[in-house]
Amino acid sequence: DVKVTQSSRYLVKRTGEKVFLECVQDMDHENMFWYRQDPGLGLRLIYFSYDVKMKEKGDIPEGYSVSREKKERFSLILESASTNQTSMYLCESGGGTEAFFGQGTRLTVV
Amino acid sequence: GENVEQHPSTLSVQEGDSAVIKCTYSDSASNYFPWYKQELGKRPQLIIDIRSNVGEKKDQRIAVTLNKTAKHFSLHITETQPEDSAVYFCAASKGNTGTASKLTFGTGTRLQVTL
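Since the structure is predicted, the reported quantities are computational estimates derived from the model, not experimental observations. (Residues numbered from 1 in each chain as written. Chains lettered and ligands numbered in written order. Predicted model: local features only at pLDDT ≥ 70, side-chain atom pairs only at ≥ 80, totals over all residues. Heavy atoms only, no water.)

Colleague: Sorry, what's going on with the interface of chain B and chain A here?
Modeller: Often, the extent of an interface is quoted as the loss of accessible area on bringing the components together. Each side of the interface is counted separately: chain B has 19 residues, and chain A has 25 residues. Each partner contributes to the roughly 1700 Å² buried at the junction of chain B and chain A, and carbon and sulfur atoms together form 56% of this total. Sorting the residues of chain B by area buried against chain A places B:R43, B:N96 and B:F105 first, and these three jointly supply 30% of that buried surface. At the boundary of chain B with chain A, the tally comes to 0 salt bridges. Along the contact surface separating chain B from chain A lie 7 residue pairs in polar contact (both at pLDDT 80 or more). Of the residues in the side of chain B that touches chain A, the class split is 6 nonpolar, 10 polar and 3 charged. (Contact = heavy atoms within 4.5 Å. Buried area = accessible area lost by both parts, 1.4 Å probe. Salt bridge = Lys/Arg side-chain N within 4 Å of Asp/Glu carboxyl O. Polar contact = N/O pair within 3.5 Å; in protein donor to acceptor, adjacent residues only side chain to side chain. Nonpolar A, V, L, I, M, F, W, Y, C, P; charged D, E, K, R; others polar.)

Given below as C-alpha cells:
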C-alpha cells in the first residue's frame, strides 16, 4: 500500500513564524508536489521536485520555499507565515499515472 | 502552460439521477486525464482515468469520455447515491517523468446527491 504521510494534520502558527510542512513517501517516487487547496480555487501547485535537490516553481511559489535532501522527503517552508497562507496544504507523490496524496495539513496563521 | 477549466462548480441531483461534470484543457500535448473524488476532510482519491488513445472508459456507475479534437473530457455518474456526494476534480498531465508528470487540476465540482 502506497503511503504518503504529512507530518501534521492541523497546525496553528503566528504571523511571522517560520513553518515547516513535511511529506514522506515510501514508494521510491522521483516526483513530489506541494499544493494548497482553497474553496473555489481547487488545487494550486506551489512547488514540485522531480529528483533529489531539484525543485521547480509551480503556479504560486511566492512566500514559500522547498527542500528535497532525500528522495523520500519533500519539505515545504513558509519563511515568514502570513494570514493569507491559512489554507489546506496537500502533498502529492508520483505524479502522472502514479499520483497519491497525503492526508493534508490544515494550517491556520493567526 | 496547461490550463484546465471545470464546470459546474456545484451540482445538486436527486438520488438515482445522473450527474455530468465537464472539463476542458488547453495543451494538446496532455495525454492523461484522471478524475479525483475528495470527501469532506479526506485526501483526493483517484476514481477513474483515461488516456488520449481512448475515447471512453467505464467502471460500474462511473464513465469518462474524451474528445481530443475539442480538448474536453467529462465524468458521468449514473444512478447517483448519497455516498457520491463529494468534491470532484479533473486533471491533465503529459506523462510520468520529470516536469511532464505535473498534474494541472480543475477548480472542482461539489456534487450533492439529495434523497
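From this point, the narrative continues.
Colleague: When you look at the pattern of salt bridges in this model, what are you seeing that I'm missing?
Modeller: This structure, assessed with the given rule, holds 11 salt bridges over all chains. Across the pair B:D27 and B:K94 runs a salt bridge whose closest N-O atoms are separated by 2.8 Å. In this pair, B:D27 sits in the loop between β3 (19-25) and β4 (32-38) while B:K94 sits in the loop between β9 (86-92) and β10 (104-105), placing the two residues 67 residues apart along the sequence. Note that B:K37 and B:E39 form a salt bridge whose closest N and O atoms lie 3.5 Å from each other. Shared partners join several salt bridges into a network, and the residues in it are A:R36, A:D38 and A:R44. (Helix = DSSP H or I, 4+ residues; strand = E, 2+ residues; numbered from the N terminus.)

None of this, on its own, says anything about what the molecule does.
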